[in-house]
Protein chains: 2
Amino acid sequence: MALDHAILVSLLEKPGSGYELARRFERSIGYFWTATHQQIYRVLGRMVADGLLLVREVEQQGRPDKKEYSVAGPGRAALAAWLHKPIEPESLRHDLAVKIRGAAFDDPAALIDEVERHRQAHRDRLAHYLAGELRDFTGPDAPAPQDAGQELQHVVLRGGIAYERMTIAWLDDVLATLHRLEAAGPGA
Amino acid sequence: MALDHAILVSLLEKPGSGYELARRFERSIGYFWTATHQQIYRVLGRMVADGLLLVREVEQQGRPDKKEYSVAGPGRAALAAWLHKPIEPESLRHDLAVKIRGAAFDDPAALIDEVERHRQAHRDRLAHYLAGELRDFTGPDAPAPQDAGQELQHVVLRGGIAYERMTIAWLDDVLATLHRLEAAGPGA
DNA sequence: TAGCTCATGTAACGAGTTACATGATTCG
DNA sequence: CGAATCATGTAACTCGTTACATGAGCTA
């Protein structure tokens, strides 16, 4: 049920509409949590009904009207309660690793293209994170005196960067292994 | 629907009962996919009904009888089809990162214990993986002439090891950040 | 006028979690 | 005698994904 909490954090950082939240889940919050707009609208409705969020109709010019959500007192309390409750360290969920092990029962070399595609996707994501870091934290135009929120956002982003770097290095290892198996011949 | 495929891979590596599969999902397969016994029994039932798996009743002495599952022809074909179909690179799902960003709206120092607990859990997991690597791949008793299956299992394990190392280093970074914020005082 | 962005939703289904439930054997 | 291991399941619920659905304005 961490989507609720991710939404609370995002709305505390800045109130916004369901649509805007969906976009944030493709960007900053999306570094560590994903959600589609369908899911978000459903959860927003429930959280308003439960009194965790407030809604405000905002009329706009040249665009459809929107509903702006913000965190109500009980929402803030719910987040605080969750922050003080220990959670279990999660484990990985990695489809590609299943494929790699499965390749032993098929043609390992056939996986090379797929792994290269994934590596490229991770390279792109890394470039995107690094650009964001430069823009928001380490560049010349970044706000110099960092408050706690900034520091915490930055350390989370560094986690995303470390994850992408590690993944790219591992995929290089996977590719080297697949090439070695290919060279050894199908049957060795 | 990767649980189906993880089960196919595991049963191709070695046939076994639902109970045994559940244990493997706490160990080797669990490096990159988790599942509880409830989920496993449900999926096994469906896969047998769909003709992907075969079951055999095995009588045992001193223990309850068990059902041994193995992969049928169509199961192998289903795995091959999945292997040849591209999948999208996944993104992270990391509760702890949500908490870290949320800490800006509570007391960041209160998170220190929690983060240390997580770091210890990842240290334990890393030690466990390294022991497995020594036993099965790099130690003196490991099988010397590695076949494709062995090589692929090893590269996946190396991925798990790299992930744990990266995570531990990142959590150190997080802890340093939290300590810095604590020293700067609650309000800075 | 065709496609993109902004904006909000419903419905159906599949996947994952939590709680409940049973029962034999082995080891201390 | 109690706890752990081996062994199998059901039921209820929540979460996540996919498909469907609408409509205004702006831009090439």
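Residues numbered from 1 in each chain as written. Chains lettered and ligands numbered in written order. Predicted model: local features only at pLDDT ≥ 70, side-chain atom pairs only at ≥ 80, totals over all residues. Heavy atoms only, no water.

- As recorded in an unreviewed UniProt entry, chain A goes by PadR-like family transcriptional regulator and comes from Streptomyces griseus subsp. griseus.

**What to know about the relation of the copies chain A and chain B**
Note that the two copies of the chain are related through a rotation about an axis and a translation along the same axis.
Phase 1 of the analysis: Mapping chain A onto chain B calls for a rotation angle of 180 degrees and an axial translation of 0.0 Å; the resulting RMSD is 0.0 Å. In symmetry terms, the pair is related by a two-fold rotation axis. Rotation axis and chain A: the residue whose C-alpha lies nearest the axis is A:M166, separated from it by 3.4 Å.
Phase 2 of the analysis: When the interface residues of chain A are mapped onto chain B, 100% of them again lie at the interface, so the same face is used by both copies. (Least-squares fit on C-alpha atoms with pLDDT ≥ 70 in both. Contact = heavy atoms within 4.5 Å.)

**Looking at the protein's contact with DNA strand D**
Phase 1 of the analysis: Near DNA strand D there are 24 residues, and of these A:M1, A:Q39, A:R42, B:Q60 and B:K67 occur at the shortest range.
Phase 2 of the analysis: Close to the protein, within 4 Å, the atoms of DNA strand D belong to sugar or phosphate groups at a rate of 56%.
Phase 3 of the analysis: Contact distances for DNA strand D include 2.9 Å between a phosphate oxygen and a backbone N or O atom of B:Y19.
Phase 4 of the analysis: Only helix 3 (37-49) of chain A together with helix 2 (18-24), helix 3 (37-49) and strand 2 (66-71) of chain B provide two or more residues apiece to the surface near DNA strand D.
Phase 5 of the analysis: Across the surface near DNA strand D, the residue classes tally to seven nonpolar, eight polar and nine charged. (Near = heavy atom within 4 Å. Polar contact = N/O pair within 3.5 Å; in protein donor to acceptor, adjacent residues only side chain to side chain. Helix = DSSP H or I, 4+ residues; strand = E, 2+ residues; numbered from the N terminus. Nonpolar A, V, L, I, M, F, W, Y, C, P; charged D, E, K, R; others polar.)

**Thoughts on helix 4 (residues 73-83) of chain B**
Phase 1 of the analysis: Among the residues of helix 4 of chain B, those classed as buried are B:G75, B:L79, B:W82 and B:L83. One face of helix 4 of chain B carries all of its buried residues, which in axial projection span an arc of 100 degrees.
Phase 2 of the analysis: In this fold, the buried residues of helix 4 of chain B make contact with helix 5 (95-102) of chain A together with helix 1 (2-13) and strand 2 of chain B. (Buried < 20%, exposed > 50% of the residue type's maximum accessible area, 1.4 Å probe, protein only. Arc of directions from axis to C-beta.)

**A few points about the protein's contact with DNA strand C**
Phase 1 of the analysis: Near DNA strand C there are 24 residues, and of these A:Y41, A:Q60, A:K67, B:Q39 and B:R42 occur at the shortest range.
Phase 2 of the analysis: B:Q39 places a polar side-chain atom, nitrogen or oxygen, 2.9 Å from a phosphate oxygen of DNA strand C.
Phase 3 of the analysis: Take B:G62: an N or O atom from its main chain is 3.0 Å from a sugar or linking oxygen of DNA strand C.
Phase 4 of the analysis: Put simply, the parts of the chain that give the surface near DNA strand C at least two residues each are helix 2 (18-24), helix 3 and strand 2 (66-71) of chain A together with helix 3 of chain B.

**Points about the packing of aromatic side chains**
Phase 1 of the analysis: Applying the stated criterion across every chain, the model contains three aromatic pairs over all chains.
Phase 2 of the analysis: Looking at A:K99, its charged tip hangs above the ring of B:W82, at a distance of 5.4 Å from the centre. (Phe/Tyr/Trp six-rings, centres within 6.5 Å; stacked < 30°, edge-to-face > 60°. Lys NZ or Arg CZ within 6 Å of the ring centre and 35° of its normal.)

**Some remarks on the side chain of A:E133**
All names here are of chain A.
Phase 1 of the analysis: Inspection of the secondary structure assignment puts E133 in helix 6 (residues 112-138).
Phase 2 of the analysis: Of the polar contacts made by the side chain of E133, one reaches the side chain of H154; its length is 2.8 Å.
Phase 3 of the analysis: Beyond its immediate stretch of four places on either side in the chain, E133 contacts T138, G139, H154, L157, R158 and I161.

**Considerations on the interface of chain A and chain B**
Phase 1 of the analysis: Listed per partner, the contact involves 67 residues of chain A and 68 residues of chain B.
Phase 2 of the analysis: For the pair chain A and chain B, the summed buried area comes to about 6,800 Å², and 64% of that belongs to carbon and sulfur atoms.
Phase 3 of the analysis: For the pair chain A and chain B, the interface holds six salt bridges.
Phase 4 of the analysis: In this structure, B:E13 and A:R101 form a salt bridge, with 2.8 Å as the shortest nitrogen-oxygen distance.
Phase 5 of the analysis: In this assembly, chain A and chain B are joined by 32 residue pairs in polar contact (both at pLDDT 80 or more).
Phase 6 of the analysis: Elements with a minimum of two residues in the side of chain A that touches chain B: helix 1 (2-13), helix 4 (73-83), helix 5, helix 6 and helix 7 (148-183) of chain A.
Phase 7 of the analysis: Looking at the side of chain A that touches chain B element by element, the count peaks at 19 residues for helix 7 of chain A.
Phase 8 of the analysis: Its residues assigned to classes, the side of chain A that touches chain B comprises 37 nonpolar, 13 polar and 17 charged. (Buried area = accessible area lost by both parts, 1.4 Å probe. Salt bridge = Lys/Arg side-chain N within 4 Å of Asp/Glu carboxyl O.)

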